[in-house]
Structure formats: structure tokens, C-alpha cells
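A closer look at the structure
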Amino acid sequence: MMTADAGTVAIGFLLMLALMAAGLHIATVMFAIGVIGAAMFLGMPAVNALGVVYFESMNDELLLALPLFILVGEILVRCGATDDMYKALSQWLNPLPGGLLHTNIASSAVFSAVSGSSVATAATIATVALPTFKRRQYDQRMVLGSIAAGGSLGNLIPPGIALIIYGVLTNTSVARLYAAATVPGIVLTAMFMIAIVAMALYRPSIAPREAAPPPLAQRIRDLSGLAAPLFIFAVIMGSIYAGWATPTEAAALAVVVSLPIAALYRKLSIAMLHEAFLATVKLTALSMLILAGAFALNFVLGLLGATRALSSYVGGLQLSGIALIYALFVFYVILGTFFETLPMMVGTLPLVFPLTTAAGIDPVWFGVFLVLMCEISLISPPVGMTLYVIQAVRGEGSIGDVFRGTVPFFVTMLLMTLLLIHWQDMALWLPRWVFGP
Amino acid sequence: MERGPLGLMTPVVRAAAIASGWALMAISFATVFEIVARKLGYSLKSIDELGGYVLAATSAIGFSWALVTRAHMRVTIVVNWLPRPARRLLDAVAMLSLAAMAVFCAARGYAEFSTNLMSGRPSNTPMQTPLWMPQAVWFAGLALFALCAALAAIHAAWLLFVDGARLERLYGPQTLEEEVSAEVSDLDSRLASKGERP
């Protein structure tokens, strides 16, 4: 059996990026690189073993959380729960400078807590929010940017599916990852809102003053609009951290709980469920095909000793952990302008993760960092599905408005990344406190 | 709307996808039952194992659904800059390579399934499920995917020589407008009953 050196691995990685850029399916490329590597260096037995790897990787109880969380989101989106939520939040947040812009962020944060998908979150909030803004004199770009930024919170605030995928690929505890992402998720939400306040104070023309809020009693009564998403969130996180359920079991519980909620909104029907199923199966399958490709690649790289070769090469460079993190920061921001979240994460992890481990970077912290990088990629033009979906819901003006609107939030996210890099305990103290070191 | 050979497969694939949705629903209820039973000091034990099988089957079946809805992910930003003939060639190559992978996986899947059927090898769990049982469904999903992908690839290769425009429409990456309108029309149907959007 041969082993690969760092140079061969680098050639393989560049070949992979080139084939992806040529428009071949992401999953095919990862799989093909794995098969070619196995055939060239290891011979047919290794190629044949890929069948076993395929079944083992697709038959994973932990990954079952992926379709289940997607299904919860698809059911809730179809309930129309977002309107009540938006109204309830706006009554409390309107007095802040920046007015209704804050509600875009906050309602995305709340909704993303139950929906695994950022694009679905942005599309749903945009549909509720944009008609509301029609009658008001807000700066259009800020409106669009705040919806896009809010949508990007989806993966960071638990239970996001990106963290499950990271946990499975790297053998990191998903419960720990969720705990680690919670504080950064809240901090990023707060930073977005602070950014809006700062901009509204600096240039009051971007947001008119909203009318005085309704009386306190009514505002409290309308908080019931938040009940559905918060209840599901509590069920998921509560059952995990009380030790009753694994993340997968919590997802199953959420699916079951979402049914009576849909019934309360009078939206529960076989037709609605079938729509939700089709959307869920589609999203699950396209993710799983890419993941299976990644597992095949991981398996071959492991047999080749490629990860060890690469780690020792990078070890020889005497990079400090911080230098490596900064290098990855730049790498991912650039990659993110061209790639969607999933291929970016899955395509790079087999090589990047061993490096970070070798450099002594905490795998839980790195998971949060990587998901933050994915969120940046979601709102960085020219490739960012969220941006185009918002523009489509808007149905007027130019996509350039959306691009420019995201700039302040993009900058906020870069600041957030710096904060996370230099204050790693922001992510790590909660899992340490809950689970011990 | 023209659909090509994949159009013929769509009803079958759609039905299979809905069936996997029901399987997800069933495994959710079984899991909740298990959580409650465990609290009461008694456990069915093997629900998580079943869950793994449901995921494997759902994914394998879903591959075809994602294929007929053109959802499998491609990076299109570079390709979009290429001249039209090169782009069409790459579309055909993408479909052929996807089909090659699908057929390879189905073949490996069959090897797994048939070996375990002969030997009756059980899973390495308390339930000792004979592995061929879940693998039969899994392999059926992979075979369906291989069939759909092969049909699409042959059609795409043929179109490359006779009707490039049709090749682009059927097998090119979804244009941004198509992708967005799929996402938004989905949203429209979600909200249609409330009369919020026309």
C-alpha cells in the first residue's frame, strides 16, 4: 500500500476545486476524487470497500436529525406562524432607533431557532416583512440587508443542521456544539441590532420614528404569537439538556409536537404534509449525496495517510494556532463568495479539520467558527441564495440594492469573527459549564 | 413543460419520496414512544437502529427526487462565463459522470445486499437485524437513482448532437431565475390559502 505526500494531496484538492468549478455535481466530484485516489494508490479492494462505506455512512442514527429538523421547519413555515411572531416582536422593538428593522433581525433569530434552513427563514421573513415596509419610509437597502442578515442566523442559533453535519463528520458531540453556538448566536443577533441603532443614530433618514406602541396589556397578550416557535425550541433544547433525549430523539419529538401546532393554526392536512415531505426529502437527499461523497473521500484519505502527511507538513511550518485560524478566515471568506454553505463545509473539512486538530484548536470552537464562516458566505455576493430569494420576493428594483444593503451586516460579521477568535471562551464556557471540561 | 425521459419517471419517484416522508413521520412517533417508555423504565432499544435504516432508505430514494427536480448541487458561476458550446458539453459531461457514479453506487449496493442475503449476516446490534432487509430498500432506492440518472445521461448525450438548446433547458444547471422561482412559488403555495400574495 502506498501513502500520499502533502503535494499529492494538494494536487488532488486543486483537481477537486477545478472539477467543481467546471459545473460537475459537487457530490460526483468528491466521490470521483475518492475513487480515483483509491484506484491509483490502493487498488481494487479499496474501491470495492466503498460500497460498505456508503451504507455505513448513510445508515447513521445521528444524521437522522437532519431530515427531522428540516421537516419541523417545513411544517412550521406552512403554518403561517411567522405573521403573529412578527407582529408580537415589532410592538416591543419599534421604540428603538431603527424601528421595524430590528424586528427583521429578531424574528429571523426566533424563527431560525426552529427552522434548519437559512434560505427558508429569509424567504419566510421577507414575505411577511416586505409588505409591512411598503407603507413606510425606510431606506430600502437597510430593509433588505437586515432580512438577509437575519436569515443567516439560521445555522448558528441551535438547532441548526450545519452543526449536526459538522458533528458527524468530525466526531464531535452535537449537544456540545449546540451549547457552544448559543452564546455567539445571541451575541451576533445583538451586534446586528447595535449596528442598526448606530446607523439610525448616525443617519436618522434610514428609519422613520414608529408610532407609539400599543398599551402594555395588549403587547403582553400579543406575545402569544411567539408561543409556537418558542415552545418547539424549548422542547428540543430542554429534552437534550435534561438528558432525556439525544439530538436525534429531540428532533423526532419536535416533529411530533409540530403536528398539533399546525392543527392549532388550522393548517394540518395530508396535502400540506405531502408538500412538506417532498421539500424535506429533496433537501435531505441533496445533502446526503454530498455527505456520502465526503465520507468516501474521508475514508480514502484516511487509508492513504494523507491527513497525517498534511498535518506533519503544516506542523513543519511552525504556524501558531492563531496564524492558522487567520489563514482559514481569509480562505473561507474568499471561498464563500463562490460556494454555497454545504459544499464549502463538507468539501474542505476532510483536509482542514486534521490541520486544526494538529494545531491544538478546540474542535467544538472550530465548529462554531466554521458555521460563522458559512453564514458569511450566505450573504456575500455574487453567490448567495438568500440574497436572490429576497430580491425575488421583493419583485422590483435591482439586486444591487440587496448587495449594498448587506454590507454593514457583512462588516458586523467580520467583527464578530475577530471577537470569536480572540475570545474563544465566548463559545466554550457554556459547554464547559453544562458538561464539564 | 417539456420533461424528457425523466418526466416519465417523475410520478413514480414522487410517490416514493412521499412514502419516505411517511417513514420519517413513523420513525418520529416510534422515537417519542421510546423516549416515554425509557422514562417509565422500559425500552424498545432498537429504535435508533431503525432510524438509521430509515435515513439510508430516505436518502437513496430521495436522490432520484432531487434529480428529477434538478436540485443536485452544482457550482455554476464559472460555467456561466463559458461560450455556449463548451457549456453544453459540460452539462452533458456532468450528467454522464453523475450517472456513472449512480451506477457504480448501485452496483456496490447490490454487491453488499446480495452478499448479506446469501450469508444472512446480522447487524452488530442487540436486534441482530439481517442486514439484507434494510439493504433491500436501500438498494432499491439506489437502483431507481441509477436508472433515472442513466436515462437522463443517455438523453443528454444524444441531445448534445441533435438539440443543444433542449439539452440546456433539461439538463443545464437551473438558471438563477428558475431556482429562485422554485423557492418562491413554493412559498406562494405555502401562503396561498391566506391570500397574502397574489
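Residues numbered from 1 in each chain as written. Chains lettered and ligands numbered in written order. Predicted model: local features only at pLDDT ≥ 70, side-chain atom pairs only at ≥ 80, totals over all residues. Heavy atoms only, no water.

Observations concerning helix 16 (residues 321–338) of chain A
Residues and elements named next belong to chain A. Under the convention used in this document: A run of H or I in DSSP becomes a helix once it reaches four residues, and a run of E becomes a strand once it reaches two; helices and strands are each numbered from the N terminus. In this analysis, the expected span of each helix is defined as 1.5 Å times one less than the number of residues it contains. Summary of the burial criterion: residues with accessible area below 20% of their type's maximum are buried, those above 50% are exposed, and those between are partly exposed, where the area comes from a 1.4 Å probe applied to protein chains only. Any two residues whose heavy atoms approach within 4.5 Å are treated as being in contact.
Under the 1.5 Å per step criterion, the end-to-end length of helix 16 is 26 Å for 18 residues, consistent within 8% with the ideal 26 Å. Here helix 16 has its buried residues at Leu324, Ile325, Leu328, Phe329, Tyr332, Val333, Leu335 and Gly336. Summarising the contacts, the buried residues of helix 16 are in contact with helix 17 (341–358), helix 18 (363–379) and helix 20 (399–422).

Examining helix 14 (residues 270–304) of chain A
Residue and element names in this part refer to chain A. For helix 14, with 35 residues, the first-to-last C-alpha span of 50 Å sits near the 51 Å given by 1.5 Å per residue. By the criterion of burial, helix 14 is predominantly enclosed, with 25 of the 35 residues buried. At the C-terminal side of helix 14, Gly305 shows a positive phi close to 70°.

As for the interface of chain B and chain A
Worth spelling out the cut-off: Buried area: the sum, over both parts, of the accessible surface (1.4 Å probe) that disappears when the two are put together. The term salt bridge refers to a side-chain nitrogen of Lys or Arg lying within 4 Å of a carboxyl oxygen of Asp or Glu. Think of a polar contact as two N or O atoms within 3.5 Å of one another; within protein, one of them needs to be a possible hydrogen donor and the other a possible acceptor, and neighboring residues in sequence only count if both atoms come from side chains.
Taken residue by residue, the interface counts 68 residues in chain B and 72 residues in chain A. Interface area, chain B with chain A, both sides summed: about 6,400 Å², of which 76% is carbon and sulfur. The interface formed by chain B and chain A holds 1 salt bridge in total. Here Arg38 of chain B and Glu249 of chain A are joined by a salt bridge, their closest N and O atoms 2.9 Å apart. For the pair chain B and chain A, the interface holds 6 residue pairs in polar contact (both at pLDDT 80 or more).

Some points on the packing of aromatic side chains
Residues and elements named next belong to chain A. Applied cut-off: Two aromatic rings, drawn from Phe, Tyr or Trp (for Trp, its six-membered ring), form a pair once their centres lie within 6.5 Å of each other, and the interplanar angle then sorts them: stacked below 30 degrees, edge-to-face above 60, tilted otherwise. Cation placement over rings: the criterion is NZ of Lys or CZ of Arg within 6 Å of the ring centroid and within 35° of the ring normal.
One pass over the full model with this rule turns up 16 aromatic pairs over all chains. Here the aromatic rings of Phe133 and Tyr138 are separated by 4.9 Å at their centres, their planes lie at 85°, and the arrangement is edge-to-face. Look at Phe133 and you get buried, because its relative accessible area is 2%. In this structure an aromatic cluster arises from ring pairing among Tyr166, Phe353, Trp365, Phe366 and Phe369. Just above the ring of Trp92 sits the side chain of Arg219; from NZ or CZ to the centre is 4.8 Å.

Examining unusual backbone geometry
In this structure, Pro159 of chain A follows Pro158 of chain A across a cis peptide bond, with omega equal to -5°. Of note, Pro159 of chain A is situated in the loop between helix 8 (140–152) and helix 9 (161–170). A positive phi angle, close to 55°, is found at Arg70 of chain B, a residue other than glycine. Along the chain, the position of Arg70 of chain B falls in the loop between helix 2 (47–68) and helix 3 (84–119).

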